[in-house]
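# Tertiary structure, described
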Amino acid sequence: MSLLLIAPNRDLKPLSESLENIDPNLEVDIWPKVKNKDRVTFAVAWNHPKNVLGNYPNLKAVSSLGAGVNHLLNDESLPENVKLARLITPSLKNEMAEYVLQAVLAYRHHTTRYTDQKREAFWDKHKLIPKEESVVGILGFGEMGSSVADLLILNGYKVNTWSRSKKDYEGISSYSKDELNEFLNNTNILICTLPLTVETQGILDLELFKKLKKPAYLINAGRGQHLIEEDLIYAIDTGVLAGAWLDVFEEEPLPSNHLFWNRPKIMITPHIAAVTDSNEAAEQIIENYKRSLSGMEMVNSVDRKKGY
Ligand code: NDP
Ligand code: OXD
């Protein structure tokens with residue numbers, strides 16, 4: 001039996017070392033070097049080549065190397081009976097919360113504007129965006145969204161959340177799927193931590209931005225395909241949005257000639273909001289590997305029908 005790691009363009013050495021430290025008897029292959037494909041029963045995948053997972057006839061389960069699973073569900077070669085899981089670790093949740101908090105603070109305190117001014121040796125003051133005009137709305141209240149909410153509540157923000165089902169959670173105003181308009185009308189700073197599914201693809205469009213309370217700002221840490229990119233540019237140019245902070249893009253790496261690079265009101269980070277820690281990941285991978293062999297339900301398993 002062997003465990004296969006497939007993540008081209010990613011250094012998998014720290015993860016394979018962590019796996020070996022926990023279980024020296026584990027047989028680990030790193031794609032594309034696979035000793036015997038019939039022995040592979042479990043795979044860990046991130047941005048894997050299309051349809052490669054169908055090459056392993058005895059595959060029982062696949063874990064994403066991150067929290068998102070859209071790359072796994074898009075693989076048409078993956079048989080229906082293969083179980084899916086994802087990695088959720090304490091550091092992933094903390095990093096996401098801190099990432100979003102810094103974006104909220106940078107927007108309110110004009111940090112990127114001052115960075116631009118420094119480059120030009122230009123002294124100009126801007127009014128802090130008051131907390132009353134900084135009501136936060138989080139699209140998606142799962143592992144990431146709830147971690148973001150906790151830290152923002154701790155920092156004194158009013159927090160609205162939107163999820164498929166309504167939540168009973170202290171310190172937030174929860175809106176369910178059919179209450180999207182009300183949620184938007186009460187939100188200034190919109191944060192996307194949704195999974196990418198057929199239902200959520202393209203959700204961040206001009207019509208949605210127009211429904212936000214003014215001033216309005218967007219932070220997208222979900223997936224690039226949530227956003228209609230040309231709508232964002234139009235919304236910023238016409239004052240519908242004051243700006244945006246983006247970690248994820250339709251095409252990654254973001255092409256060097258992309259319009260976003262030259263927009264001062266758009267902040268760009270290279271998909272680093274929360275990055276899986278190898279040690280934490282290894283423990284969860286081994287746990288799920290063992291569970292998959294014994295037919296037990298995996299930790300952080302994915303509902304293939306729901307798409308997350
Ligand atoms: P979860 O599965 O824990 O939570 C998903 C949330 O979205 C749930 O609250 C769910 O509602 C809600 N949701 C899903 N579909 C809909 C819908 N159609 N309408 C309304 N609400 C919906 O996911 P995570 O929080 O763990 O992760 C979310 C995403 O964040 C990942 O899929 C990934 O794309 C992204 N991510 C990005 C990272 C980065 O570095 N940029 C790092 C980690 C994650 P309900 O609770 O009712 O089911
Ligand atoms: C993830 C990510 O899904 O890094 O974990 O985007």
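## Details of helix α9 (residues 278-294)
Here α9 contains 17 residues, and its C-alpha end-to-end distance of 24 Å stays within 8% of the 24 Å for a straight helix at 1.5 Å per residue. Here α9 has its buried residues at Ala281, Ala282, Gln284, Ile285, Ile286, Asn288, Tyr289 and Ser292. Buried residues belonging to α9 abut β1 (2-6), α1 (13-22), β3 (40-45), β4 (61-64) and β5 (83-85). Near the N-terminus of α9, the side chain that reaches the backbone nitrogen of Asn279, with its oxygen 3.2 Å away, is that of Asp277. In the segment just after α9, Gly295 is the residue with positive phi, at about 80°.

## What about the site of ligand 2?
Lining the immediate environment of ligand 2, one finds Trp46, Gly66, Ala67, Gly68, Arg223, His271 and Ala274. Between ligand 2 and Gly68, the relevant distance is 2.7 Å, taken from an oxygen atom to a main-chain nitrogen or oxygen of the residue. Notes on ligand 2: free accessible area 210 Å², of which the protein chains cover 84%. When the residues that make up the shell around ligand 2 are grouped by side-chain class, the tally is three nonpolar, three polar and one charged.

## Remarks on the pattern of salt bridges
If charged atoms from side chains of opposite charge come close, those side chains can pair. Enumeration over the complete set of coordinates arrives at 11 salt bridges. For Lys35, the salt bridge is made with Asp29, and the minimal N-O distance between the two is 3.1 Å. On the basis of relative accessibility, which here comes to 3%, the residue Asp29 falls in the buried class. For Glu287, the salt bridge identified is with Arg291, shortest N-O distance 2.7 Å.

## With respect to α1
Those residues of α1 not exposed but buried are Leu15, Ser16, Ser18 and Leu19. The buried side chains of α1 occupy one side of the element, clustering within an arc of 160° when seen end-on. Of the residues in α1, the exposed ones pointing more than 90 degrees away from the buried face are Lys13, Glu20 and Asn21. On its buried side, α1 packs onto β1, β2 (28-30) and α9.

## Things to note about the packing of aromatic side chains
Scanning all chains against the criterion turns up six aromatic pairs. Their ring planes at 80° and their centres at 4.9 Å tell us that Phe141 and Tyr169 sit as a pair that is edge-to-face. Separated by 28 residues along the polypeptide, Phe141 in the loop between β6 (136-139) and α5 (143-154) and Tyr169 in the loop between β7 (159-162) and β8 (172-175) bring together distant segments of the chain. A residue is classified by how much of its surface remains accessible, and Tyr169, at 32% relative accessible area, is partly exposed. The ring of Tyr157 has Lys131 sitting right over it, with the charged end atom 4.5 Å from the ring centre.

## Observations concerning the packing of helix α3 (residues 90-108) against α5
The contact between α3 and α5 brings their axes to 8 Å, and the two run at 55°. In terms of their interaxial angle, α3 and α5 are classed as oblique. The way α3 lies across α5 gives a crossing that is right-handed. Contacts between α3 and α5 involve Leu92, Lys93, Asn94, Met96, Ala97, Glu98, Val100, Leu101 and Val104 on the former and, on the latter, Glu143, Met144, Ser146, Ser147, Val148, Leu151 and Leu152. Residue classes in the contact of α3 with α5 are distributed as 10 nonpolar, three polar and three charged.

## Some remarks on the site of ligand 1
For ligand 1, the set of nearby residues contains 30 residues, the closest of which are Arg86, Ser165, Lys167, Glu199 and Tyr308. Within the backbone of Gly222, one N or O atom sits 3.5 Å away from an oxygen atom of ligand 1. When ligand 1 sits alone it has 950 Å² of accessible area, and the protein chains cover 94% of it. A breakdown of the residues in the shell around ligand 1 according to their chemical character gives 13 nonpolar, nine polar and eight charged. The two domains that each donate at least three residues to the shell around ligand 1 are domain 1 (2-89 + 276-294) and domain 2 (90-268).

## Some points on unusual backbone geometry
Comment: phi is negative for the bulk of residues other than glycine, and the bulk of peptide bonds are trans. Going from Trp31 to Pro32, the amide bond is cis rather than trans, its omega being 10°. For Pro32, the location among the structural elements is in the loop between β2 and β3. Here the bond from Lys214 into Pro215 is cis, since omega is -5°, no more than 30 degrees from zero. Take Pro215: it is sitting in the loop between α7 (206-210) and β10 (217-220). Within the chain, Ala121 stands out as a residue other than glycine whose phi angle is a positive 50°.

Reading guide: rules and limits
Residues numbered from 1 in each chain as written. Chains lettered and ligands numbered in written order. Predicted model: local features only at pLDDT ≥ 70, side-chain atom pairs only at ≥ 80, totals over all residues. Heavy atoms only, no water. Helix = DSSP H or I, 4+ residues; strand = E, 2+ residues; numbered from the N terminus. Expected span 1.5 Å × (residues − 1). Buried < 20%, exposed > 50% of the residue type's maximum accessible area, 1.4 Å probe, protein only. Contact = heavy atoms within 4.5 Å. Polar contact = N/O pair within 3.5 Å; in protein donor to acceptor, adjacent residues only side chain to side chain. Near = heavy atom within 4 Å. Areas by Shrake-Rupley, 256 points an atom, 1.4 Å probe, with all protein chains shown as cover. Nonpolar A, V, L, I, M, F, W, Y, C, P; charged D, E, K, R; others polar. Salt bridge = Lys/Arg side-chain N within 4 Å of Asp/Glu carboxyl O. Arc of directions from axis to C-beta. Phe/Tyr/Trp six-rings, centres within 6.5 Å; stacked < 30°, edge-to-face > 60°. Lys NZ or Arg CZ within 6 Å of the ring centre and 35° of its normal. Axes fitted to C-alpha atoms, helices over the stretch in contact; angles between N-to-C directions. Parallel < 35°, antiparallel > 145°, perpendicular 65-115°, else oblique. Left-handed = near helix turned anticlockwise from the far one by under 90°. Domains from an automatic or database assignment.

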